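# Architecture at a glance
The primary structure of each chain is shown beneath.
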Amino acid sequence: MSWSKKSLSEAIRLFALFLLFLFCGISLPALSGLLVFPFSLFPPEWDLIYRLALSTIFILSAIVSLKVERLKKYWKIFFAFFVASFAINVQALSAYVNIPTTPINGLVLSMFLSTVLVVIPIIVLTLVSGDRLSTTFLQKGDLKQGIIIGIIAFSILAIVSIPIATYMFNGKNLSIERVLPWMPGIFIIVISNGIREELLYRGLFLKKYGSVFGPNVSNILQALIFSLSHTVAGRGAIAYTSFTIAFVVITFLLGLGLGYLMRRTDSLLGPVLFHAGTDIPIFLGILSNLS
């Protein structure tokens, strides 16, 4: 009986932690969709205050957790949320850079700059914290398996990208002749976005979640945050699909698969290539409406 009570208490504790970290994830700008907390609650002019306050809360939570023995196992998770919030705040500086007005050039430079501004703070702060970059899957891992799976997935998705873009991502007048000149730029865009999102959603968090929840629950947690962030896909001026619910479900399943692949290959490489392939039809649809 006492063991059963202990098990129930442990299950409740882990569920509460799951909800807490889910809440932390969807509270981050750029990791939150319009349908979830907190952006509908605050006027736009409070955005900077919110961002700074969130980073402060996360770093204070990490410090307190590090100093309190029974909370010590959680400090790296809170620090990871601080790192993510800090990187996202640095990324916001890209809004002040003069980007070319040509749609393809603008998207290429904007995505590349955004990725650099996210990746560098994550690398620096990871090293400053005393962790190795391998804790974020920034290593070659099982290079052969990662490359093979990644290239196969990327190639298949590239081949079927035009019909998917047309049906699901509002693509207009897409043809091979029209798309071919975009492909060098599209490649840079999707690889950049794959690096940024795989590091920000999964690489930074998966091993840290795993120390508390184990591999399966931690994979579900990151996939939930990843999918909820895509609720913006069908809303407002930035809408790029009419199938929001289906898209969120697909991104959840994709998140599970990419998380599994990242753990299996112990590297960002395979998931980045796979992720980049899934982004091709999205950006084809976007560009077809801008050009």
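What you are looking at is a predicted structure, and each value in this text was computed from that prediction instead of being measured.

Okay, the pattern of salt bridges next. Counting across every chain of the model gives five salt bridges. A salt bridge links Glu197 to Arg196, with the shortest nitrogen-to-oxygen separation between them at 4.0 Å. On the basis of relative accessible area, Arg196 is assigned to the buried category, the value being 14%.

Okay, the nonpolar core next. Of all hydrophobic cores here, the largest spans 41 residues; its most connected members are Phe21, Phe81, Ile122, Tyr209, Phe213 and Leu221. When neighbours within four sequence positions are excluded, Tyr209 is seen to be in contact with Phe21, Ile77, Phe81, Gly214, Ser218, Leu221, Gln222 and Ile225. Listed in part, the 19 residues of the second largest apolar core include Ile186, Leu273, Ile280 and Leu284.

Let us now look at the environment of Val64. With respect to the helices and strands, Val64 occurs in helix α2 (residues 47-67). As a C-alpha pair, Val64 and Phe23 span 41 residues in sequence and 19 Å in three-dimensional space.

Here we come to a nonpolar patch on the surface. There is a patch of nonpolar side chains on the surface, built from Ile148, Ile152, Ile156, Ile159 and Val160 and spanning about 460 Å² of accessible area. Note that Ile156 resides in helix α5 (residues 143-159).

This brings us to helix α11 (residues 244-265). Helix length check: α11, at 22 residues, gives a terminal C-alpha distance of 31 Å against a target of 32 Å (1.5 Å per residue), a fit within 8%. Restricting attention to buried positions, one finds in α11 the residues Thr244, Phe247, Val248, Thr251, Leu254, Gly255, Leu258, Gly259, Leu261, Met262 and Thr265. What you see down the axis of α11 is that its buried residues fit within an arc of 160°, all on one side. The outward face of α11, more than 90 degrees from its buried face, is lined by the exposed residues Ile245, Leu253 and Tyr260. Contact partners of the buried residues in α11: α5, α6 (161-168), α8 (183-203), α9 (206-213), α10 (215-228) and α12 (269-290). Among the residues trailing α11, Asp266 stands out with phi positive, at a value near 55°.

Another point: the UniProt feature "transmembrane region" (unreviewed entry) in the protein chain. Sites flagged by UniProt as "transmembrane region" (unreviewed entry) map to residues 48-66, 78-97, 103-127, 147-167, 179-195, 216-233, 239-261 and 268-287. Its end C-alpha atoms 31 Å apart, residues 78-97 is made of 70% helix and 0% strand. Annotated as residues 147-167, this span is 95% helix and 0% strand, and its ends, taken at the C-alpha atoms, are 29 Å apart.

The rules behind each value
Residues numbered from 1 in each chain as written. Predicted model: local features only at pLDDT ≥ 70, side-chain atom pairs only at ≥ 80, totals over all residues. Heavy atoms only, no water. Salt bridge = Lys/Arg side-chain N within 4 Å of Asp/Glu carboxyl O. Buried < 20%, exposed > 50% of the residue type's maximum accessible area, 1.4 Å probe, protein only. Core = buried A, V, L, I, M, F, W, Y, C linked by side-chain atoms within 4.5 Å. Contact = heavy atoms within 4.5 Å. Helix = DSSP H or I, 4+ residues; strand = E, 2+ residues; numbered from the N terminus. Patch = residues over 30% accessible without salt bridge, like charges linked within 9 Å, V, L, I, M, F, W, Y side chains within 5 Å. Areas by Shrake-Rupley, 256 points an atom, 1.4 Å probe, with all protein chains shown as cover. Expected span 1.5 Å × (residues − 1). Arc of directions from axis to C-beta. UniProt positions renumbered as here; feature names shortened; annotations may be inferred.

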